[in-house]
Amino acid sequence: MSNRRKTILKVIILGDSGVGKTSLMQQFINGKFSQQYKATIGADFLPKDMTIDDKQVTMQIWDTAGQERFQSLGVAFYRGSDCCVLVFDVTNTKSFENLQSWRDEFLIQANIKDPDNFPFVVIGNKIDVEENKRMVSAKKAQALCASLGNLPYFETSAKEAVNVEQAFDVVARCALQQEESLEYSDDYTDAVNIHVDGDNSTCGC
Amino acid sequence: MVHIVSPRSFPPGKGQLLYVKSKVYVHVTSSKKDNVPGYLVIVKPFPDSPKTDLVVAFIPESDVSQDDVNALDYFDLYGLDGEENNFYGNSNGSTSSATDRGNHNGGGGRSNYPKVARFIERPRMSSMSSFAFGLAISNIFSIQVRPKTTTLWEGSVVLHPKDVLEKVPALFFHDDESAGTKREQKLKSQRFDPFAENSKGGLYWGGDRFVSCMRNYCVLEESTLEKGMYLVNPSKDDTINFIPNVLDESEVGNGPESVGNAVNEFLNGAKWRVLTGLASVTSFAKKQLNGMTQNGSIPAPIRNLLNQPQVRVVGDDFDSANVYLAKWALAVQEEAEKSRKQIVGNDYYRELMESELGNETTVALTPQEVSRARRLKPVSKVEWESQFDSSGRLQITMREVLDRVFHGGLEPEARREAWLFLLKVYPFDTSSEERQQLLASLYESYVEYKNSWKGDLERQDKDAYWKDQKVRIDKDVRRTDREIDIYKGGDPMDVETTGNEDPDDDAGLKNPHLMVLRDILFSYNELNHNLGYVQGMSDLVSPLYYVLRDEPLTFWAFARFMEVMERNFVRDLSGMKEQMLTLTELVQFMMPSLYQHLEQCDSGNLFFFFRMLLVWFKRELSFEDTLKLWEILWTNYYSSQFVLFFSLAILEKHSKIIMNTLNRFDDILKYMNDLSGTLEIDDLLVRAELLFMKFKQVVEMIDRRNAGIGFSAVQGDVDSSLQRIPISKQLRLLLSTEPVIQRENPREVGDPIG
Ligand SMILES: Nc1nc2c(ncn2[C@@H]2O[C@H](COP(=O)(O)OP(=O)(O)OP(=O)(O)O)[C@@H](O)[C@H]2O)c(=O)[nH]1
Ligand SMILES: [Mg+2]
């Protein structure tokens, strides 16, 4: 593919308020966890440069506010996203139950043309808590992800930096694949029809 | 053919002219009629003066005797080129150009040494009565040359004295009035020289030769950091600081050099250049840049800039060169504005408004109006108390009190008492005794609210809404202002929690002040049942408690504040949308070209103001500045929606940078979000006040015009004045000091919270 510009991968993080979206993003980008993060208002994004299989990309990670009423703002920035991360809190059943409506709402607002093939990654956060506080089992979560179309699932702790890197690596791969497939489909009028030999094994979506 | 005239003796009291340019102006104000015309000269004051003692001077025409006028005008015409018209044709085979900045050897026909000997009175070095000034070359640090770039603007030269406290005005070259320049242009057009420097595209202008002439008498090094900035006889340190060799010589010709050049160029061009072509810098360039900032090969001023925290952040992730550049441009702009403010003082803002918002004579602000828009020192506790008589009644009008607070804000010690008035917990027309009684009843009723939820254990068990709200408040309170001293510490995650493992319990919240915030929010959730707690409210209550430090009082102050702010939190967000729309209209109304640009970048919805408006800039300003902004907004002095003018002021301040460097939604959003921590509240408040006045004037003018009155006063063509200009209800509402109140609809049982 031509190097006419640096690839920017736009990733949106969604999920109920307090599940740890901001903490996950900060852990991934700055490798830190802090009690001082504030509840998110509106939306903010942070960039992160990555190399995926020798390809330089910039991930643009959008952190959003969890409270439902602020969701209608999403229209302003969901557009053009390459991957959506759905986060729930393993100690909070409700945040798990809401995953599907987060997904549906996103698909509508982002105006996704091909919802079945849009990449989502699911994250169950706060696995550092004691076992007896955990309300959503891994099994239950995996079952939901399977039913939503075999979405990749990760269990993380933003606090203790468990699995965060791994989760976002897959997010980046999914996003890159999505971005490239879009690029090809955008260029479908080109005389040369490039065959996408998708290496689907690197990413389950 | 060169006649360097240097007689052993000069006429008494006179110096020899080495360079003259006529019709050079000092632009005293933005108004043409205040311009001061004069001559820019280089003079050798005494026959034996060394080069460092030569004087560069500006001599206003009004200061010149008739003899000197003759000498100056003659030299202006013939001084450097001689009298013959075909001078160029006769030159000794010279290939150097008419402007020849690179001509160091001084040989050839275009030496820029004088061809005629003329003398004038030794110029004055300074003057109390006119704009005359002179500087010995040894006292000039640098010369900034801004060539004429379009036929619209005059080129200019600014001398920067070594003494940083000394400032001399910029000199503008009015080429079309200058006989000497016109002759030069004519001579130049006789002779086509494809190698001339100016054939690269610059326009020939009157200042061109000033630099070449200076080169005869001193070393001029152009800074690689700022084009057109020439250091005069630079010291070694200056060279290191301003003419860095960012690129190691040995690397030239190798691969990385192109990147090095890119970075170098990027550094050079950052100031005020439209860099739309440079969309983003590769990560390689990023590393290069980061390396440079660390290994010290970057000049001190730029290093300082790069090390400013907010620039640092972007330098580190470097997602987008545009945002980075924009920030840089901002820093440069602020520096320039600061010195500008010092030079022209009060007139600064007036000029600013005129240059940025157009100066239709019909809506120009009067000097009185401009001088009203200023910041005063904050109201002290003593001053606050002195406004009340012995019975605690206000001795001056409420309007006077609000005026004073609006223009100065309050000192921390005055806040506790004053805020209760500003938030209408205390009516202004009460005595201290009445307030005491009021206080007692407020305490009592607060206890009532608090008990109503504290005691209702049954509901706390069953009601899902209540439970959700409890979790929500709890979660947000512990994420509120934890960097502020009283809210620090006492978190369950800091302290090993033992035994207390029920998350629905007090959840181990140990900080007593946070516990108060939580109780206040629970109580408010009870008081305003329809609205309930919504995210963002914890940000609003925390400063109130910080100042009042009393639970019941904070609760009531918060409840009053929320009457105004409820609009921001209603479920369908209609209140926020309405404000954002009003702001949009306001921007269109006041700054149409900026608005057009924003729209082209998909940013016409002003999305980035959402957070700022929702919690009144709490997240963008420091805690202390937030307190100040809020108390000023509470006065409703000009408008109950003054926060929109404050927002407009931010846009106005950054409009140039936004229009010049940012052209994508992401970039604009990032730039605006990153303004956090950089907003200069006093400057913005003055701008906001002026913007309000201007807005009001324009509305009044349109009203008069619409009413068909005063047509004669309106300049412009009659046709357009016949058209009514509509002013929307929203815009007109901005002139009102009555708060806009919007309440949440009744909440149905079982409504989702959201
Ligand atoms: N134990 C534990 N706590 C976490 C973890 N991640 C986040 N938290 C805490 O959960 C709370 C919410 O975290 P945030 O990252 O602010 O949550 P958010 O999803 O961004 O919330 P909103 O901005 O309101 O939508 C904070 O008090 C965090 O300290 C985690 O991995 N483990
Ligand atoms: Mg958040």
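The structure under discussion appears in the preceding block.
Residues numbered from 1 in each chain as written. Chains lettered and ligands numbered in written order. Predicted model: local features only at pLDDT ≥ 70, side-chain atom pairs only at ≥ 80, totals over all residues. Heavy atoms only, no water.

Is there a simple way to think about the site of ligand 1 in this case?
In the vicinity of ligand 1 there are 24 residues, among which Lys21, Ser23, Gly66 and Asp128 of chain A together with Arg479 of chain B approach most closely. Two or more chains meet at ligand 1, and those chains are chains A and B. Backbone polar atom of Ala158 of chain A to an oxygen atom of ligand 1: 2.8 Å apart, as the coordinates give it. Calculation on ligand 1 without its partners gives an accessible area of 660 Å², and the protein chains cover 96% of this total. Counting residues per element, the shell around ligand 1 draws most heavily on helix H1 (residues 21-30) of chain A, at three residues. Looking at the shell around ligand 1 residue by residue, the class counts come to six nonpolar, 12 polar and six charged. (Near = heavy atom within 4 Å. Polar contact = N/O pair within 3.5 Å; in protein donor to acceptor, adjacent residues only side chain to side chain. Areas by Shrake-Rupley, 256 points an atom, 1.4 Å probe, with all protein chains shown as cover. Helix = DSSP H or I, 4+ residues; strand = E, 2+ residues; numbered from the N terminus. Nonpolar A, V, L, I, M, F, W, Y, C, P; charged D, E, K, R; others polar.)

Help me understand the coordination of the magnesium ion (ligand 2) in this model?
The expected angle between donors at a tetrahedral four-coordinate metal is 109.5 degrees. At an octahedral six-coordinate metal it is 90 or 180 degrees. On the protein side, the magnesium ion (ligand 2) has Thr22 of chain A (OG1) and Thr40 of chain A (OG1) as donor atoms, found 2.0 Å from it. You can see Thr22 of chain A sitting in helix H1 and its partner Thr40 of chain A sitting in the loop between H1 and strand E2 (43-52), a full 18 residues away along the chain. (Donors = N, O, S within 2.8 Å, 3.2 Å for Na, K, Ca; no water.)

Explain the pattern of salt bridges here, please?
Opposite charge on two side chains permits them to pair, given that their charged atoms come into close proximity. One pass over the structure, following the stated rule, counts 41 salt bridges over all chains. One salt bridge in this structure joins Lys38 of chain A and Asp481 of chain B, with 3.0 Å as the shortest N-O distance. Taken as a pair, Lys38 of chain A in the loop between H1 and E2 and Asp481 of chain B in the loop between helix H18 (464-477) and helix H19 (512-527) lie in two separate chains rather than in one. Judged by its relative accessible area of 23%, Lys38 of chain A is partly exposed. Assessed through its relative accessible area of 1%, Asp481 of chain B is described here as buried. (Salt bridge = Lys/Arg side-chain N within 4 Å of Asp/Glu carboxyl O. Buried < 20%, exposed > 50% of the residue type's maximum accessible area, 1.4 Å probe, protein only.)

Even after reading the chapter, I still don't get the packing of helix H16 (residues 432-454) of chain B against H19 of chain B, so can you show me in this structure?
Between two packed helices, the angle of one axis relative to the other and the distance separating the axes together describe the packing. Residue and element names in this part refer to chain B. In the contact formed by H16 and H19, the axes pass within 9 Å of each other and the chain directions differ by 90°. In terms of orientation, H16 and H19 fall into the roughly perpendicular class. Of the residues in H19, those in contact with Tyr446, Tyr449, Lys450, Ser452, Trp453 and Lys454 of H16 are Asp519, Ile520, Phe522, Ser523, Glu526 and Leu527. Looking at side-chain class alone, the contact of H16 with H19 contains six nonpolar, two polar and four charged residues. (Axes fitted to C-alpha atoms, helices over the stretch in contact; angles between N-to-C directions. Parallel < 35°, antiparallel > 145°, perpendicular 65-115°, else oblique. Contact = heavy atoms within 4.5 Å.)

How should the interface of chain A and chain B be read in this particular structure?
Often the size quoted for an interface is simply the accessible area lost on bringing the parts together. At the interface, 37 residues of chain A touch 46 residues of chain B. For the pair chain A and chain B, the summed buried surface comes to about 3700 Å²; carbon and sulfur atoms form 52% of the total. Of all residues in chain A, Lys38, Ile41 and Arg69 of chain A give up the largest surface area on contact with chain B, accounting jointly for 21% of the area buried on that side. For the pair chain A and chain B, the interface holds three salt bridges. Among the salt bridges present, the one from Lys38 of chain A reaches Glu483 of chain B, with a minimum N-O distance of 3.3 Å. Counting the contacts that link chain A with chain B gives 10 residue pairs in polar contact (both at pLDDT 80 or more). (Buried area = accessible area lost by both parts, 1.4 Å probe.)

Help me out: how do you make sense of the pairing of strand E1 (residues 14-26) of chain B in this one?
Regular strands place side chains that alternate from one sheet face to the opposite one. All names here are of chain B. When you tally the buried positions in E1, you get 12 out of 13 residues, the bulk of the element. Bridge analysis of E1 against strand E2 (residues 36-44) gives eight bridges, and the strand direction is antiparallel. When the sheet's bridge partners are listed, Tyr25 is paired in E2 with Pro37. Two elements, E1 and strand E8 (residues 171-173), share two bridges in a ladder whose sense is antiparallel. Paired with Tyr25 across the two strands is Phe172, which belongs to E8. (Pairing = 2+ DSSP bridges.)

How should I be thinking about helix H28 (residues 681-706) of chain B in this particular structure?
Two residues of an α-helix separated by three or four positions point the same way, owing to the 3.6 residues in each turn. When the terminal C-alpha atoms of H28 of chain B are compared, their 36 Å separation across 26 residues agrees well with the 38 Å that a helix rising 1.5 Å per residue should span. Of all 26 residues making up H28 of chain B, 21 are buried, and the element is well covered by its neighbours. (Expected span 1.5 Å × (residues − 1).)

So what exactly am I meant to see when it comes to the sheet that holds strand E1 (residues 7-14) of chain A here?
Sheet strands line up and pair through hydrogen bonds in the backbone, either parallel or antiparallel. Taken in spatial order, the six strands of this open sheet run E2-E3-E1-E4-E5-E6 (chain A), and their pairing is mixed. Looking at strand neighbours, the two that pair on one side only are E2 and strand E6 (153-155) of chain A, the edges of this open sheet. For this sheet the average axis-to-axis angle between neighbouring strands, irrespective of direction, equals 25°. The sheet contact formed by E2 of chain A and strand E3 (residues 55-64) of chain A spans 10 bridges and is antiparallel. Each bridged residue has a counterpart across the sheet, and for Asp49 of chain A the counterpart in E3 of chain A is Thr58 of chain A. Sitting on the sheet, H1 of chain A touches E1, E2, E3, strand E4 (83-89) and strand E5 (120-125) of chain A, and the angle it makes with E3 of chain A is about 155°. Here helix H27 (residues 665-673) of chain B sits on the sheet and contacts E2 and E3 of chain A; the angle it forms with E2 of chain A, its principal contact strand, is near 120°.

I'm lost on the nonpolar core in this one. Help?
Nonpolar side chains in soluble globular proteins tend to end up buried together. Ranked by internal contacts, the top residues of the largest apolar core, which has 160 residues, are Phe106 of chain A together with Trp384 and Met672 of chain B. A per-element tally of this core places H28 of chain B first, with 14 residues. Mapped onto the domain boundaries, this core takes at least three residues apiece from domain 3 (414-568) and domain 4 (574-733) of chain B. Among the nonpolar cores identified, the runner-up in size contains 48 residues, and Tyr39, Ile137, Cys213 and Met214 of chain B belong to it. (Core = buried A, V, L, I, M, F, W, Y, C linked by side-chain atoms within 4.5 Å. Domains from an automatic or database assignment.)

How do you make sense of the side chain of Gln60 of chain A when you look at a structure like this?
In this fold, Gln60 of chain A is placed in strand E3. Separated by 2.9 Å, the side chains of Gln60 of chain A and Trp62 of chain A make a polar contact. Setting aside chain neighbours within four positions, we find Gln60 of chain A in contact with Ile8, Leu9, Lys10, Val11, Phe45, Leu46 and Pro47 of chain A together with Asp666 of chain B.

What is the right way to look at the pairing of strand E10 (residues 229-232) of chain B in this model?
All names here are of chain B. Covered by surrounding structure in E10 are Met229 and Leu231 together with Tyr230 and Val232, the residues of both alternating faces. One ladder, built from three bridges, connects strand E9 (residues 220-222) with E10; its direction is antiparallel. Looking across to E10, one finds that Glu222 is bridged to Tyr230.

Please explain the environment of Val516 of chain B as it appears in this structure.
All names here are of chain B. With respect to the helices, strands and loops of the structure, Val516 is situated in helix H19. According to the relative accessible area criterion, Val516 is buried, its value standing at 13%. The sequence separation of Val516 and Phe555 amounts to 39 residues, and the corresponding C-alpha distance is 9.7 Å. Beyond its immediate sequence surroundings of up to four residues, Val516 is in contact with Tyr545 and Glu551.

Just checking my understanding: could you explain unusual backbone geometry for this structure?
Most peptide bonds take the trans form, and the phi angle of most residues other than glycine is negative. Residues and elements named next belong to chain B. One non-glycine residue, Asp602, lies in the positive phi region at around 55°. Counting through the fold element by element, Asp602 comes out in the loop between helix H23 (592-600) and helix H24 (609-614). In this structure Asp602 comes out as partly exposed when scored by relative accessible area, which is 46%. With a phi close to 55°, Leu606 is a non-glycine residue in the positive phi region. Structurally, Leu606 can be placed in the loop between H23 and H24. For Leu606, a relative accessible area of 0% translates into the label buried.

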